[in-house]
Amino acid sequence: MVQKFYIETFGCQMNKNDSELMESSFRNNGFIKAESPDDAKIIVYNTCSVRQHAEDRVIARINSAKNSIRNRGGLIVVAGCMAQRTGQSLTRDKVADLVVGPYESPRIGEIIKIYLNEKNRNSFLSQNYDNFSRRINIKNVTENDKNIWHKWVTITHGCENFCSYCIVPYVRGKLISFKSESIIEYIRSLSLSGIKEITLLGQNVNQYGTDNGDIPFYKLLDKVAETEGILKINFITSHPKDFSENIISVIKDHSNISRSIHLPLQSGSDRILDLMNRQYNMKHYMKIIEKIDKELRNYSITTDLIVGFPGESEEDYSETLKYVKDIRFDDAYMYAYSPRENTPAFELEDSITRNEKIERLNKLIGIQKKISQKKLRARIDKTESMIVERISKKSDSQVMGKTFLNHPVVLPGSDQDIGKNIIIKIKSLKGATLQGIRIV
Ligand code: SAM
Ligand code: SF4
Ligand code: F3S
């Protein structure tokens, strides 16, 4: 009997890409995608470990669905970073029937088949390099994908930066850059199959090629931008320690590279940056901002910030607030520090209480929100290009997408517009979403 699968994705874009790979592996192995989890026999939770809250959310989700899945004889699969971190205990405690680590995502269809036939192995957590060849493969563009306009393209897997608070290097393993020829060939095939926008993915894309002697990131970006038919190229994430002037020059040279730069700062205090092992200081970070400002002009900048790192004093925290006000990010992902076992920061004395962390976080969010609003408001009356992504969640007669600077926008439209590259005029701002009208 044909089995139906459903994938629920948590965490970062890496996981979104992995879920796409899993979907394609399921289809290639004869499984069918279910419309809802209730309609599926195989439920995959593609999980994240970056903060304790991310893991707690998944466990709560599984616990609330568990009885209904078990009653219909379904299979609970935990995949992704949390599977890699705590896999053995998940199967032992009967939270999951099967655990599959991030390296194994592209062959999950085969793994499930093996499990269903033999049931003698329920843990697939190896970090075997050989499984990587399938990640950059045109076969991953399935029949079902033909109408979509965007694809994630993972260019590096893993991370070797070991920021002292971060679990990622442990769960995703060492830095692996995929071959530049394969990446370019893959993107050419994507373009021929109708893809208009791509996002190059890696924990630190700026480090591309440093592990295998391939071309540096700025040269790869240059080559990708020359691919005919690709109208918009995003790349995440950049690391300030490796963000070179060459990258800014390549962006400037190509009108299809988005001027939306994501450059995680984490903290505005040099002392905390050092404790975080970020390997740059504020002088360096500000130099990059000045260069971007001078060379790109019409750009947007976003960041990640952590408050309440062990030992963060009031002065350290004020430095973060000061730089947030000075730099004026378009948006920021802001977090309270979450201790992760086996990371170096876990060993530091965490003297700041949870309440203090939340207080610091809320104040920071309040300040950033006002800045984001002002920056969005400044887009009113501007003419922008955008690719229509989907029908708006709030109204069937409206569509939504992101402008070239990745600001979210809603405008009148229908499902006929999805995937079209259009020119719009921004008319107003509602909440954190721009409202526009189509002009071309
Ligand atoms: N590789 C990217 C980078 O270097 O910025 C992203 C890493 S992580 C997937 C996304 C963000 O989560 C980080 O930039 C950091 O702000 C946050 N983060 C990571 N570990 C954390 C922790 N232990 N507690 C709170 N936030 C954390
Ligand atoms: Fe984590 Fe740092 Fe690597 Fe980003 S660069 S994934 S924050 S260790
Ligand atoms: Fe989470 Fe793994 Fe991404 S820990 S943030 S899903 S790399």
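Residues numbered from 1 in each chain as written. Chains lettered and ligands numbered in written order. Predicted model: local features only at pLDDT ≥ 70, side-chain atom pairs only at ≥ 80, totals over all residues. Heavy atoms only, no water.

Could you give an account of helix α7 (residues 217-225), with specific residues and numbers?
F217, L220, L221, V224 and A225 are the residues of α7 that are buried. Along the axis of α7, the buried residues cluster in a sector spanning 135°; they form a single face. Contacts made by the buried residues of α7 are with α6 (180-192), β10 (197-201), β11 (232-236) and α8 (245-253). (Buried < 20%, exposed > 50% of the residue type's maximum accessible area, 1.4 Å probe, protein only. Helix = DSSP H or I, 4+ residues; strand = E, 2+ residues; numbered from the N terminus. Arc of directions from axis to C-beta. Contact = heavy atoms within 4.5 Å.)

Just give me the short version of the site of ligand 2, but keep the residues and values in it.
Around ligand 2 sit C159, N161, F162, C163, Y165, C166, V168, P169, Q203, H239 and R278, and that is every residue in its neighbourhood. Across the shell around ligand 2, the residue classes tally to seven nonpolar, three polar and one charged. (Near = heavy atom within 4 Å. Nonpolar A, V, L, I, M, F, W, Y, C, P; charged D, E, K, R; others polar.)

An account of the packing of aromatic side chains is needed here, citing residue identities and associated values.
Following the criterion strictly, the structure yields six aromatic pairs and no others. Pairing F5 with F26 gives two aromatic rings, centres 4.3 Å apart and planes at 10°, and the pair type is stacked. With F5 in strand β1 (residues 4-9) and F26 in helix α1 (residues 13-28), this pair connects stretches of sequence that are 21 residues apart. When its relative accessible area of 1% is taken as the criterion, F5 is described as buried. Taking the relative accessible area as the measure of exposure, F26 reaches 0% and is therefore buried. (Phe/Tyr/Trp six-rings, centres within 6.5 Å; stacked < 30°, edge-to-face > 60°.)

Help me get a handle on the domain arrangement of the protein, residues and values and all.
Examined at the domain level, the protein breaks down into domain 1 (4-131), domain 2 (137-258), domain 3 (287-378) and domain 4 (383-438). On a C-alpha basis, the centres of domain 1 and domain 3 stand 33 Å from each other. Taken together, the contacts link six residues of domain 1 with five residues of domain 3. In this assembly, domain 1 packs against domain 3 so that about 440 Å² is buried in total across both faces, 37% of it on carbon and sulfur atoms. It is R51, Q52 and R85 in domain 1 that bury the most area against domain 3; as a group they hold 82% of the surface buried on that side. On the surface where domain 1 and domain 3 come into contact, there are one salt bridge. For E55, the salt bridge goes to R340, with nearest N and O atoms at 3.3 Å. (Domains from an automatic or database assignment. Buried area = accessible area lost by both parts, 1.4 Å probe. Salt bridge = Lys/Arg side-chain N within 4 Å of Asp/Glu carboxyl O.)

With reference to specific residues and values, describe the site of ligand 1.
Looking at ligand 1, there are 15 residues lining it, with Y165, Q203, Q266, D304 and S338 nearest. Here a nitrogen atom of ligand 1 and a backbone polar atom of Y165 are 3.0 Å apart. The backbone of S338 places a nitrogen or oxygen atom 2.8 Å from a nitrogen atom of ligand 1. Considered on its own, ligand 1 offers 560 Å² of accessible surface; in the complex 92% of this is hidden by protein. Where the shell around ligand 1 is concerned, the elements lending two or more residues are β13 (300-307) and β14 (331-336). In terms of residue class, the shell around ligand 1 is built from seven nonpolar, four polar and four charged. (Polar contact = N/O pair within 3.5 Å; in protein donor to acceptor, adjacent residues only side chain to side chain. Areas by Shrake-Rupley, 256 points an atom, 1.4 Å probe, with all protein chains shown as cover.)

Which residues make up the sheet that holds strand β17 (residues 408-412), and what are the values?
The five strands lie next to each other as β15-β16-β17-β19-β18, forming a closed barrel whose pairing is mixed. Between one strand and the next, the sheet's axes are offset by a mean angle of 50°, whatever the strand orientation. Pairing geometry for strand β16 (residues 398-403) and β17, over five bridges, is antiparallel. In the sheet register, Q398 faces β17, and the bridge partner there is P412. (Pairing = 2+ DSSP bridges. Axes fitted to C-alpha atoms, helices over the stretch in contact; angles between N-to-C directions.)

Kindly report on the environment of Q84, identifying the contributing residues and their values.
The topology assignment puts Q84 in helix α3 (residues 81-92). Residue classification places Q84 among the buried positions, given a relative accessible area of 17%. Spatially, the C-alpha atoms of Q84 and P102 are 7.1 Å apart, while their sequence positions differ by 18 residues.

Describe the packing of α7 against α8, listing the residues and the values that go with them.
Each pair of packed helices can be summarised by the angle the axes make with each other and by the distance between the axes. Two elements in contact, α7 and α8, have axes whose closest approach is 9 Å; the angle formed by their N-to-C orientations is 10°. Classified by the angle between their axes, α7 and α8 sit roughly parallel to one another. Contact residues: F217, Y218, L221 and D222 in α7; N246, I247, V250 and I251 in α8. Residues belonging to the contact of α7 with α8 are distributed by class as follows: six nonpolar, one polar and one charged. (Parallel < 35°, antiparallel > 145°, perpendicular 65-115°, else oblique.)

Account for unusual backbone geometry, naming residues and giving values.
Residue I236 is joined to T237 through a cis peptide bond whose omega torsion reads 0°. Within the secondary structure, T237 is located in the loop between β11 and α8.

Quick rundown of the pattern of salt bridges? Include the residues and the values.
Inspection of the entire model under this criterion finds 26 salt bridges. With its nearest N and O atoms 3.1 Å apart, the salt bridge here joins K4 to D39. Of this pair, K4 sits in strand β1 while D39 sits in the loop between β2 (32-33) and β3 (42-47), and the two are 35 residues apart along the sequence. The partner of E314 in a salt bridge is R360, with the nearest N and O atoms 3.5 Å apart. Placement of E314 in helix α11 (residues 314-327) and of R360 in helix α12 (residues 354-377) is noted, with a sequence separation of 46 residues between them. Linked by salt bridges that have partners in common, E245, K252, K291, K294 and E295 make up one network.

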